[in-house]
Amino acid sequence: MRSESSKKVLFVSGIFLIAFILRFASLGTIPLSEDEAILALQAKSLASGIPNYGIAQPLYVLITAFIFKFFGPTEFTARLFPALMGIFLVSIPFFFSEKISQKKKYLFAFCLAIDPALVAWSRQADSLIPLIFLIALAIILFRRGSEKTAVALAALSFLGGERFFPFLAAAGIIFALIYWINRYFLKLDFKRSEETRKQVNKQNLLIFLSVLIVAGMGLLAFPEGINGIGNGIINGFKINVNHDFRSVGFVPLLIAFFVYEGSAVLLFLIKYIKSISKKEKPQVIAMSCMILFAAILSIFNQGILIIPWISLPLWFFSTDVILSFRPIKKTEIDLPMAIAILIPPILSFFLLLRLSEMLRIGDLSLPLQFTWQNQAVSTPFSRLAAYLLIIVICIIIFAVLLPMLLDYFSPGKIKKGMLYGCLSVLLVCTFGSSWKAAGFSNTKDDPFLHTSASRHELILGNQIVQIENQIIPIIQEIGWKATGFIHQASGIILVDNDPMLRWTLQYYPDVVFTDVLDIRTNSPSFVITEGSEYEPLWASYVGLVSDWKTTDHWEMYRTNDWLSWIIYRKPVISGQKLVIWQQSRFLTKTNLE
């Protein structure tokens, strides 16, 4: 008993250790994206006692404002709250009732720990992951009878603002539809009406309003939080014409499902088909509602946010398929079965190599050529047709003919071995996507210097992100030339509406953001502009160009671009530079040359 208990503790500890590493590794070394910087600046203004009525995610902003008060505003503290909630989200399966088996709870928690969408969004300064955790926990506690705690958590969920109200609208539509279908067609006994009426009473309503008001005002410290709930209703359904990271397009969204949740989606579909064939009405209804929920969120313009929203129910149903596989005993394993287990990984690796070769050979429409006796011989096949023919032949040989041959020597074992081989491929693909979402993959293919691999992940949508630049070192050097080590340099920023630049320069109090500069009345040590078309600066300032940020363009990807991104994570992005002007007197003759 003690040995078995120790194994369980060790396994659970391993799950949370993996979750921690994937969510916290290098969390503070990656610059904030534009969307993150907007929220972080709102939290910073509240922490500084400056009212901000543009808040649309009060849950994140209020909690992060308290964190900033104690630990200061940094990239790490800006992402601390979502990262912690990402760890707590992994614990959700352990709140389930005793009706759920321990094996399912452990497997479900492990899947949540390595889910790429949950990893990526746990590392973002945003309310999404905290909100998913609160809603999931509220639903579980409500079903277990802890209605007062569930009501309090539901009230806190309203503070999710623009992340919460699309979920609320979609969930409301689904509940209304289920009620109507069940009343007139299915007539299933959900034991709902009388029990729910008992739980929704005046006391619970008072708890809900009290928590909403007190928490919404940040324990009465930030009254702007309540205003943020109203902003969230508007912003949650509104499209930002200039930049909306959610809208990546239909094809990129499908590719994101394939890349990040392909394993869960495949297992979910197997479970769905089995439930339909067995006529398991409650299961079919629940899974159909999840599909409908994703469709409604798409109508509500949630785009890429659909994926993290459905990650929990996807894995909840998918784990049933994994647990349905009968474990392989040591006595069952023989040479044919071992070969069967290895076929899916080896075949997948072979296909990956062929795809990478297709990318390297260039134009696939040209005829395939090979050298024979020092002469180039052309074939009637194009490069694409030839590679596809090779791939099809290999699939037929290794996925069809070889298993049939192996089954002759080891009857009844090959199918099971192939299934476990496929499971290993799905696990490796999922963990590989999580690894990249956490920012651990190589970035040599990034054409704009060194930027974290996680910055160009499709799961984050159309991001505007900062890349490696020399802005801070140049400003520090100018300050040293202008005032020595006594004061920082004074500067004027003529860049309109750039939250990332404001966040980056937050520790430079003598820097002023403005739209107008008059050199005759104001001669700052440096000026930052978006271009070099500022004639008043030409006479007494010298401009230095620096890389600054990139913008993702998922809608511009062609077939080759998608293959390059899937295999190498090579992005299609556009870069923007800034010009840092410093007074000519700070530059020596050698510098000018």
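Every chain is numbered on its own, with residues counted from 1 as its sequence reads. In view of the model being predicted, local features appear only for residues whose pLDDT reaches at least 70, and side-chain atom pairs are presented and counted only at 80 or more, with totals across whole chains, interfaces and linings using the full set of residues. Where side-chain values are given, they derive from all heavy atoms of the structure, hydrogens and water being excluded.

Draft legend 1. Seen up close, helix H22 (residues 559-568). Between buried and exposed lies partly exposed: a residue is buried under 20% and exposed over 50% of the maximum accessible area for its type, with that area taken using a 1.4 Å probe on protein chains only. For helices the rule is a DSSP run of H or I covering at least 4 residues; for strands it is a run of E covering at least 2, with both sets numbered from the N terminus onward. Among all positions of H22, only Asp561, Trp562, Leu563, Ser564, Trp565 and Ile567 are buried. For this analysis, residues touch if any pair of their heavy atoms sits within 4.5 Å. In this fold, the buried residues of H22 make contact with helix H13 (250-277), helix H16 (335-360) and helix H18 (414-437). One or two positions beyond H22, positive phi appears at Arg569, with a value near 60°.

Draft legend 2. Geometry of the packing of H13 against H22. For the pair H13 and H22, the least separation of the axes is 12 Å and the interaxial angle reads 25°. In terms of axis orientation, H13 runs roughly parallel to H22. Viewed along their axes, H13 and H22 form a crossing whose handedness is right-handed. In contact with Pro252, Ile255, Val259 and Tyr260 of H13, H22 contributes Trp562, Trp565 and Ile566. Only Asp, Glu, Lys and Arg are considered charged, only Ala, Val, Leu, Ile, Met, Phe, Trp, Tyr, Cys and Pro nonpolar, and every remaining residue, Gly among them, polar. Looking at side-chain class alone, the contact of H13 with H22 contains seven nonpolar, no polar and no charged residues. Lines fitted to the C-alpha atoms define the axes, with helices restricted to the stretch that makes contact. Angles between their N-to-C directions range from 0 to 180 degrees. For classification purposes, angles smaller than 35 degrees are called roughly parallel, those larger than 145 roughly antiparallel, those between 65 and 115 roughly perpendicular, and all remaining angles oblique. Throughout, a crossing is termed right-handed when the near helix is turned clockwise from the far one, and left-handed when it is turned anticlockwise from it by less than a right angle.

Draft legend 3. Structural context of the nonpolar core. The nonpolar core is taken to be a set of buried Ala, Val, Leu, Ile, Met, Phe, Trp, Tyr and Cys residues, with the residues joined through side-chain atoms within 4.5 Å. Grouped together as the largest cluster of nonpolar side chains are 131 residues, with contacts concentrated most on Ile92, Trp121, Ile304, Trp309, Leu458 and Ile528. Broken down by element, this core gets its largest block of residues, twelve residues, from helix H7 (residues 128-143). Ranked by size, the runner-up nonpolar core spans nine residues in total, among them Leu494, Leu517, Val527 and Tyr541.

Draft legend 4. Up close: the packing of H7 against helix H8 (residues 147-157). Packing of H7 against H8 brings their axes to within 8 Å, and their N-to-C directions diverge by 155°. What the angle tells us is that H7 and H8 run roughly antiparallel. Here H7 runs over H8; the crossing is left-handed. Judged by residue contacts, Leu131, Leu134, Ile135, Leu137, Ala138, Leu141 and Phe142 of H7 engage Glu147, Thr149, Ala150, Leu153, Ala154, Leu156 and Ser157 from H8. Classifying every residue of the contact of H7 with H8 gives eleven nonpolar, two polar and one charged.

Draft legend 5. Spotlight on unusual backbone geometry. Positive phi outside glycine occurs at Lys279, with the angle close to 60°. Residue position: Lys279 is located in the loop between H13 and helix H14 (281-299). On the accessibility criterion, Lys279 (70% relative accessible area) is exposed. Unusually for a residue other than glycine, Arg569 sits at a positive phi of about 60°.

Draft legend 6. Local environment of the sheet that holds strand E4 (residues 491-493). Read from one edge of the open sheet, six strands run E3-E7-E8-E6-E4-E5, paired in mixed fashion. The outermost strands of the open sheet, each flanked by one partner alone, are strand E3 (464-466) and strand E5 (511-513). Going across the sheet, the axis of each strand differs from the next one's by a mean of 25°, ignoring polarity. Sitting on the sheet, helix H19 (residues 471-483) is in contact with strand E6 (526-529), strand E7 (541-552) and strand E8 (573-583), with an inclination near 0° to E8. By the convention used here, strands pair only if DSSP detects at least 2 bridges between them.

The analysis is restricted to geometry; functional conclusions fall outside its scope.
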